[in-house]
Amino acid sequence: MSAATELDLATLDRAAVEDFLYREAALLDEWDLDGWLTLWAEHGTRYVVPCNDTPDGDPAQDLVLIDDDELRMRLRVERLNSRKAHREYPHSRTNHQVYNVVLGSPVDGDLPVTASFTVWRFRNGKASYYVGRYHYRLVVERGEPRIRSKRAVLDMTELRPAGDLAIIL
Amino acid sequence: MTQVEHPPAQLAGFMLVDEDPEHHRFRVHRDTMTSEQVFRDELERIFQRCWLYVGHESEVRNPGDYVRRPVGNRPVFMVRGVKSGKVHVFHNTCTHRGAVVCRQKSGNTKVFQCFYHAWTFDSEGQLKGVPGREAYGEKLDFDALALKAVARVESYRGFVFACFDPGAAPLVDYLAGAREYLDLIVDSADGDMEIIKGTNEYCVEANWKLLAENSVDGYHALPTHDTYFKYLVALGTDLSGGVAGTSHDLGNGHTVLEYAAPWGRPIAKWEPLFGEHARDEIAGLRAQLVAKYGEARAARMADTNRNMLIFPNLVVNDIMAVTVRTFMPSAPGRMDVTAWEMAPRGELPQLRQRRLDSFLTFLGPAGFATPDDVEALESCQQGFNSGGVEWNDISRGMAREPHGDDEAQMRVFWRRWAERMGSAGHLAVGR
């Protein structure tokens, strides 16, 4: 890893990471999903949500709820932007809340970050929630923090209280 | 086509399932979806009396392995006995004063100890430990205080079912024509299927029968799942082959849609998405199937998709991945859905990966299709509440040999539903 990358990662303190995560939450809540896609690193990206009963689920062997690489993430956004993602047309109102942010030590040029989340989803008079913990790997590209990978581990023992998971956590 | 055996009308009223072949009309009264009385009758006449899916033997492969889950809304657990090697399904309640004895979702154990008074049962259900046993009189029969097994437990090709009705016909008879379709799946994997770790446990605020219909509904695929087909095309799947097919009445309310697969299947139809490196492997799998089962049966295993509904609430779909899905109502307008993915044990990692991808993108509650089914079902339930329209129309394809996108398979389900409900399938006038 180049010294420049180390230096950039080193400047990412908790306040900067929190600002970045709040920006991500705001883009998701505003349904600016194209904007959300620009927060991701250029290569090797992955967005994973394991099943509720297997929080340690490995997408290569186990069934998970979401396992998006760059292409699938882009297609997920295209789908949600269309009027034919019926579950999300019209869109839910969401409120992504991020807290208990903890920075780890850089690994292979990535900065591990964990944070708690509560995502509220309101639609058709129904309120549902997703509660759990994010596991990020952040990088710095062109002087900006970017997401290499994001794993959202749900604390709810079943997905039932929320029904389904058509939105992005 | 099976004719309805009309039960004697006991209530002054009319059938909730109304078949009028002369006018090519089949309709179902919307009270079947909204009525509390119908729901209570279903619990008694359908879920207490039919064989219900519990789980797969691969989930309890080793002696002492267990899984806990509700079946027919009752907490039960399935355990492989350490001594006998047999798969038991027990009511999850202590025979002493009632507390649940299996308190973990899954695991391996030699004993189940009730935490309340520490009564201890072995994996065969026998009562082995009672603290302060000397306090009981010598005539008390402790053997009779073993864990209570569900009245009937039988399995077919690894699929374990239970029935709360001691007088029910054997499972093999109950499954009728569905057996052959389970055979197709299991034989294609040389008899060695397993449930993959990770369970989809979601919820739909709609009547459970809407999911029975939806699981074998070819008519909705294009309009509802437009974004999913776009996704497949973006991946490079050639859909031009189409999904032409038909449906079959498998007896006892079971039904299947069987149709062409324009996409690849891990067993055993290659497509570019699988990658060049998997081409030989899939060709080899296919050659083995042909050698073992002949060209015709091998082609069915490899080239066709099958969406099967086993009455009342089990769906086994063999599409790009195999799903085992069960659903249970907790109210007229709400059901819990539980779905597992089944796959050949020890298959190549790249095929397993493709299978996992297919399952979660199409069948999973966070995929590109299932959320839209959930929306459709909930939308129907909301529409029912509007009133004004009393009947659902399920007449499509009544005047021809059934196509895959007709509704003959739903009529198979509803006829059986009406038979099982008997007089409760009537609507009393003025109710």
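Asks: Got a sec to walk through the overall build of chain B? Specific residues and values, please.
Replies: Scanning chain B from terminus to terminus reveals 11 helices and 23 strands. A compact globule built from 431 residues would reach a C-alpha radius of gyration of about 22 Å, and chain B, at 23 Å, matches this within 12%. Dimensions of chain B along its principal axes, counting C-alpha atoms only, are 75 × 65 × 35 Å. By the burial criterion, 49% of the 431 residues in chain B qualify as buried.

Asks: Outline the interface of chain A and chain B, listing residues and values.
Replies: One frequently used descriptor of interface size is the decrease in accessible area upon assembly of the parts. In this assembly, 28 residues from chain A lie in contact with 31 residues from chain B. Broken down by secondary-structure element, the contributors of at least two residues to the side of chain A that touches chain B are β2 (64-68) and α4 (70-81) of chain A. Its residues placed into classes, the side of chain A that touches chain B shows 13 nonpolar, six polar and nine charged.

Asks: Talk me through the domain arrangement of chain B; I want residue IDs and the actual numbers.
Replies: Residues and elements named next belong to chain B. As far as domains go, chain B holds domain 1 (52-163) and domain 2 (177-423). With centres defined by C-alpha atoms, the gap from domain 1 to domain 2 works out at 33 Å. Domain 1 puts 11 residues into the contact, and the matching count from domain 2 is 14 residues. When residues in the side of domain 1 that touches domain 2 are grouped by element, the largest group, three residues, is from strand β4 (residues 52-56). The class makeup of the residues in the side of domain 1 that touches domain 2 is four nonpolar, five polar and two charged.

Asks: Tell me about the sheet that holds strand β3 (residues 93-103) of chain A, and please be specific about residues and values.
Replies: All names here are of chain A. Taking strand neighbours across the sheet as the criterion, the six strands line up as β2-β1-β6-β5-β4-β3 in an open arrangement whose pairing is mixed. One side of each edge strand has no neighbouring strand; the edge strands of this open sheet are β2 and β3. Geometrically, the sheet is characterised by an average inter-axis angle of 20° between neighbouring strands, direction not taken into account. Pairing analysis gives 13 bridges linking strand β4 (residues 111-123) to strand β5 (residues 126-141), with the strands arranged antiparallel. Across the sheet, the residue bridging to Arg121 is Ser128, located in β5.

Asks: How would you summarise the packing of helix α5 (residues 208-215) of chain B against helix α10 (residues 370-386) of chain B if you had to cite specific residues and measurements?
Replies: All names here are of chain B. Two elements in contact, α5 and α10, have axes separated by 10 Å at closest approach and are oriented at 135°. Taken together, the axes of α5 and α10 are oblique relative to one another. Crossing of α5 over α10 shows right-handed handedness. Contacts between α5 and α10 pair Leu210, Leu211 and Asn214 from the former with Asp373, Leu377 and Cys380 from the latter. Of the residues contributing to the contact of α5 with α10, the split by class is four nonpolar, one polar and one charged.

Asks: Run through helix α11 (residues 408-421) of chain B, naming residues and quoting values.
Replies: All names here are of chain B. Here α11 is 14 residues long and its end C-alpha atoms lie 20 Å apart, about the 20 Å a rise of 1.5 Å per residue gives. The element α11 is extensively covered by neighbouring structure, given that 13 of its 14 residues are classed as buried. Following α11 by one or two positions, Gly422 has its phi on the positive side, about 55°.

Asks: Before we move on, could you go through the confidence of the model for chain B and cite the residues and values that matter?
Replies: Interpreting fine coordinate detail is not advised for predicted regions of low pLDDT. All names here are of chain B. Taken residue by residue, chain B gives an average pLDDT of 93. The fraction at 70 or more is 96%. Segment residues 1-12 is flagged for pLDDT under 50; beyond a separation of four residues in sequence, or across chains, it makes 18 contacts in the model. Here the complex is predicted with pTM 0.94, and the ipTM for its interfaces comes to 0.93.

Rules of the game
- Residues numbered from 1 in each chain as written.
- Chains lettered and ligands numbered in written order.
- Predicted model: local features only at pLDDT ≥ 70, side-chain atom pairs only at ≥ 80, totals over all residues.
- Helix = DSSP H or I, 4+ residues; strand = E, 2+ residues; numbered from the N terminus.
- Rg over C-alpha atoms; globule rule 2.2 N^0.38 Å.
- Buried ≥ 20, exposed ≤ 12 C-beta atoms within 10 Å, placed from the backbone.
- Contact = placed C-beta atoms within 7 Å.
- Nonpolar A, V, L, I, M, F, W, Y, C, P; charged D, E, K, R; others polar.
- Domains from an automatic or database assignment.
- Pairing = 2+ DSSP bridges.
- Axes fitted to C-alpha atoms, helices over the stretch in contact; angles between N-to-C directions.
- Parallel < 35°, antiparallel > 145°, perpendicular 65-115°, else oblique.
- Left-handed = near helix turned anticlockwise from the far one by under 90°.
- Expected span 1.5 Å × (residues − 1).
- pLDDT = per-residue confidence, 0-100.

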